[in-house]
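Residue-level structural notes
Here is how the chains run, residue by residue.
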Amino acid sequence: MVTVRSRRAFTLIELLVVIAIIAILIGLLLPAVQKVREAAARMTCSNNLKQLALAAHNYDSTYQTLPPGFNSASYCGCLAYLLPYIEQDNIYKMIPSTLLTVPATGGVWWGGGWAAANNSVKTFLCPSDGGRDTPSTGVFAYFTTTSGGMTGGYFGGTLPTLGRTNYAASAGALGDVTGFYGTWKGPFYSNSKVSVAAMPDGTSNTIAFGEILGGSGGPTRDFAASWMGAGAMPTAWALCDPAAWYTFGGRHTGIVNFAWGDGSVRGIRKGLGANGGSTSWFSTDWYTLQYAAGYTDGSVYNPSNLGQ
């Protein structure tokens, strides 16, 4: 005898209910996954900045001075000097020594240092950004502070192999200038030779390195920055949100990561001293950021005002 059993199939309504439940579960899961991913990216970014600060200390131990924020003759930036101290000696040896002496005598880096600059260095990239966006305008060959503000030059096009950076040294308000903005001179600027021992404000109170995007922080990226020519970044324009090529800024939610002179890494509230994409000149928040960036101003600031 053959027994026949009847099986009831899913109705359309039941199938739609199951699909809806799965969609809801996925919707609940995705934000959690994104939060975990961002937390991991922020941790990696913090570690990168810590490595840069420690590398600068090791450089100081070797030469009794921090590396220059920018070489005005070769247009090499601070990060190039740190390569041997972040286990990138092979790339460092590709750069002619005449490009790194101060003053340099070997021309500009995109001459003899081009091959070295076309290496991607993981420590120079924040995983939340990583230079993945294709810039619509170009890649900065260099940028640095000047007596009148900020200057830079860029290569047009995307230059996909040119190594990029999401970090730059801190010039303070406007670097080594006289007058009002010179009050908040940072530890790195054009041809600087500042030693760790000669930081009267204390290393734990002075910004050393911070996150940058090298261009617009909006949905469309205009510029990216090469690590070879990334000079010291000023804080005079505060932490505009979205960031610009002449400001510190990053992709993390709510904060921009900074390494301090003692090697600690702390986030500063995104938008501090600014109103959206515009600088809130001489506001309380603006002054607080300058106090944190300068190494000889002698001012005490409240870390809670930085969002810490």
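Each value, and the rule that gives it
- Residues numbered from 1 in each chain as written.
- Predicted model: local features only at pLDDT ≥ 70, side-chain atom pairs only at ≥ 80, totals over all residues.
- Heavy atoms only, no water.
- Helix = DSSP H or I, 4+ residues; strand = E, 2+ residues; numbered from the N terminus.
- Buried < 20%, exposed > 50% of the residue type's maximum accessible area, 1.4 Å probe, protein only.
- Contact = heavy atoms within 4.5 Å.
- Areas by Shrake-Rupley, 256 points an atom, 1.4 Å probe, with all protein chains shown as cover.
- Polar contact = N/O pair within 3.5 Å; in protein donor to acceptor, adjacent residues only side chain to side chain.
- Pairing = 2+ DSSP bridges.
- Axes fitted to C-alpha atoms, helices over the stretch in contact; angles between N-to-C directions.

Quick word on the overall build of the protein
Per the secondary structure count, the protein includes six helices and ten strands. Each of the 308 residues in the protein was classed as buried or not, and the buried ones make up 48%. Within the protein, residue pairs in contact and separated by at least 24 positions form 71% of the contacts whose partners lie at least 6 positions apart. Of the roughly 14100 Å² of accessible surface on the protein, a fraction of 57% belongs to carbon and sulfur atoms.

Focus: the side chain of T247
Secondary-structure assignment places T247 in the loop between β6 (233-234) and β7 (255-260). Residue class for T247 comes out buried when judged on its relative accessible area of 1%. There is a polar contact of 3.0 Å between the side chain of T247 and the backbone nitrogen of A244.

Observations regarding the sheet that holds strand β1 (residues 138-146)
Within a sheet, neighbouring strands are paired by backbone hydrogen bonds and run either parallel or antiparallel to one another. If you walk across this open sheet you meet the three strands as β2-β1-β5, and the pairing is mixed. Single-partner strands in this sheet number two, and they are β2 (149-156) and β5 (223-225). In this sheet, adjacent strand axes meet at a mean angle of 45° when their direction is disregarded. Relative to β5, β1 runs parallel, the two sharing three bridges.

A word on the sheet that holds strand β3 (residues 167-172)
If you trace the five strands from one edge of the open sheet to the other, you get β6-β3-β4-β7-β8, paired in mixed fashion. Each having just a single partner strand, β6 and β8 (265-269) make up the two edges of the open sheet. Here β7 pairs with β8 via five bridges, running antiparallel. If you follow N257 over to β8, its bridge partner there is G267. Packed on one face of the sheet, helix α6 (residues 284-293) meets β3, β4 (207-211), β7 and β8 and runs near 120° to β4.

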